[in-house]
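# Topology and contacts: notes
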Amino acid sequence: MKRFHFILFFILLAATSIQINAQTCKPSGGIQGRKPPPGQCNKQNDSECCVQGKFYTTYTCSPAVTSATKAKLTINSFQKGGDGGGPSECDNQYHSDDKPVVALSTGWYKGGDRCHKYITINGNGRSVKAKVVDECDSTMGCDADHDYQPPCPNNIVDASKAVWKALGVSQDNWGDLDITWSE
């Protein structure tokens, strides 16, 4: 009987830990949108520009990484002059949109711990390996450093055109896709 209680206790403890862990990624705050100066927000790839006075939620965390982490795939240009803004955080370089590269939301980026590592992205019935080269900042936005775009949500894999092509998504559907990813 003691063994049964021990096993039951262990199961309850594990279930509670999982539930607590899943709930630990909550908004960390927010910022008020600022209107970009004329011509300063790059709308390539249908990028959103900040709206004066709008409240944007910020995050310092992302959902836990699993063998099939749920995320939103968005599109980004990593080339100079593209909607990604400045050079990539991992290496201070620009990257060709013809290469499968991604930026991860702040929590998944882990302060650069995932830089130059490859992740596997599954979506549209296909998969592709992509190199992490940048952070999709979930803590800041609406300023020149972030191309006057809002902070990223905490579940974003921001991908180059090469990733979208490899997943076989028709170009008219590029921009927002439910995916899973893993290390």
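Below is a short write-up of the structure. No experiment lies behind these values; they were computed from the predicted model shown. (Residues numbered from 1 in each chain as written. Predicted model: local features only at pLDDT ≥ 70, side-chain atom pairs only at ≥ 80, totals over all residues. Heavy atoms only, no water.)

### What to know about the pattern of salt bridges
- Taken as a whole, this structure holds four salt bridges when the rule is applied.
- For D176, the salt bridge identified is with K72, shortest N-O distance 3.9 Å. In this pair, D176 sits in the loop between α3 (161-166) and β8 (177-182) while K72 sits in strand β3 (residues 69-75), placing the two residues 104 residues apart along the sequence.
- Residue R114 is joined to E183 by a salt bridge in which the shortest nitrogen-to-oxygen separation is 2.7 Å. (Salt bridge = Lys/Arg side-chain N within 4 Å of Asp/Glu carboxyl O. Helix = DSSP H or I, 4+ residues; strand = E, 2+ residues; numbered from the N terminus.)

### A word on the sheet that holds strand β4 (residues 101-105)
- Spatially, β3-β7-β4-β6-β5-β8 is the arrangement adopted by the six strands of the closed barrel, whose pairing is mixed. Strand-to-strand twist of the sheet, defined as the mean angle between neighbouring strand axes without regard to direction, takes the value 45 degrees. (Pairing = 2+ DSSP bridges. Axes fitted to C-alpha atoms, helices over the stretch in contact; angles between N-to-C directions.)

### Comments concerning the side chain of T58
- Within the fold, T58 resides in strand β2 (residues 55-58).
- From its side chain, T58 meets the backbone nitrogen of G30 in a polar contact 3.2 Å long. (Polar contact = N/O pair within 3.5 Å; in protein donor to acceptor, adjacent residues only side chain to side chain.)

### Regarding the packing of aromatic side chains
- Using the criterion set out here, one finds one aromatic pair in the structure.
- With centroids separated by 5.3 Å and ring planes inclined at 70 degrees, the aromatic side chains of W108 and W181 adopt a geometry described as edge-to-face. Linking W108 in helix α2 (residues 106-109) with W181 in strand β8, this pair joins segments that are 73 residues apart in sequence. Residue W108 shares its accessibility class with W181, and that shared class is buried. (Phe/Tyr/Trp six-rings, centres within 6.5 Å; stacked < 30°, edge-to-face > 60°. Buried < 20%, exposed > 50% of the residue type's maximum accessible area, 1.4 Å probe, protein only.)

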